[in-house]
Amino acid sequence: MPANYSPSFAKNIVRRSLTAVLDPHPTRSQLVVLIEHFGEACAYCGKRIHAYPKDAQLDHIDPDGPNNVSNRAYACEDCNEKEKRDQNWRDFLREKAESDEDFSRRERLIEGWIDLHSDVYIGMDADTRSRLTAEIETVVASFDRALANIRSMRPK
Ligand SMILES: [Zn+2]
């Protein structure tokens, strides 16, 4: 990927990194355990995927849930980026599974993963979420003001 210095990219990174302070992404060692749990195969379609993060991704099991390891499943790019989107994971798995047996086996794998981390699953409460959003928007508004000022410095 070429370097991206666009202001919108920078704002996106600011949003993500400030959010990750309260809602951290899985650590490297958690990733190793996760990949092992899912047997190096996509949690949904079962395709073998290797060498995270080359062609493997971390799906948000609950699209509205946290970033932490309890809410992440090993998934191929097609399932994670193009197909599942904001669908309920069970409905999506039903679509992808080729047989009832497939469905049950993969459902147990995902449920097992969620259960294994039941102590980790901390959704952000609405008050914290809105305070976080307010802080982020403060930074973004300041960034936008600076951006407008800098753009006005361009030679005419
Ligand atoms: Zn897949």
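These figures come from a predicted structure and were not determined experimentally.

A. Structural context of the nonpolar core. Ranked by size, the top nonpolar core spans 21 residues in total, and within it Cys 42, Ala 43, Tyr 44, Ala 73, Tyr 74, Ala 75 and Cys 76 carry the most contacts. Put simply, the parts of the chain that give this core at least two residues each are strand S1 (56-60), strand S2 (72-76), helix H4 (89-96) and helix H5 (100-116). Per-element tally for this core: the top contributor is S2, with 4 residues. Residues contacting Cys 42, with those up to four places away along its chain left out, are Lys 47, Ile 49, Tyr 74, Ala 75, Cys 76 and Cys 79.

B. Quick look at the packing of helix H1 (residues 7-22) against helix H6 (residues 126-152). Packing of H1 against H6 brings their axes to within 10 Å, and their N-to-C directions diverge by 150°. Here H6 runs roughly antiparallel to H1, going by the angle between their axes. Here H1 runs over H6; the crossing is right-handed. Contacts between H1 and H6 pair Pro 7, Lys 11, Val 14, Arg 15, Leu 18, Thr 19 and Leu 22 from the former with Thr 128, Leu 132, Glu 135, Ile 136, Val 139, Val 140, Phe 143 and Leu 147 from the latter. Its residues assigned to classes, the contact of H1 with H6 comprises 10 nonpolar, 2 polar and 3 charged.

C. Up close: the pairing of S2. Burial of S2 is extensive: 5 of the 5 residues sit out of reach of the surface. Here S2 shows a buried face lined by Arg 72, Tyr 74 and Cys 76 and a second buried face lined by Ala 73 and Ala 75. Relative to S2, S1 runs antiparallel, the two sharing 5 bridges. Within S2, the position partnered with His 60 by the bridge is Arg 72.

D. The environment of Lys 156, seen in detail. Here Lys 156 is to be found in the segment after H6. Distance from Lys 156 to Asn 4, taken between C-alpha atoms, is 25 Å for residues 152 residues apart in sequence.

Parameters at a glance
Residues numbered from 1 in each chain as written. Predicted model: local features only at pLDDT ≥ 70, side-chain atom pairs only at ≥ 80, totals over all residues. Core = buried A, V, L, I, M, F, W, Y, C linked by C-beta atoms within 7 Å. Buried ≥ 20, exposed ≤ 12 C-beta atoms within 10 Å, placed from the backbone. Helix = DSSP H or I, 4+ residues; strand = E, 2+ residues; numbered from the N terminus. Contact = placed C-beta atoms within 7 Å. Axes fitted to C-alpha atoms, helices over the stretch in contact; angles between N-to-C directions. Parallel < 35°, antiparallel > 145°, perpendicular 65-115°, else oblique. Left-handed = near helix turned anticlockwise from the far one by under 90°. Nonpolar A, V, L, I, M, F, W, Y, C, P; charged D, E, K, R; others polar. Pairing = 2+ DSSP bridges.

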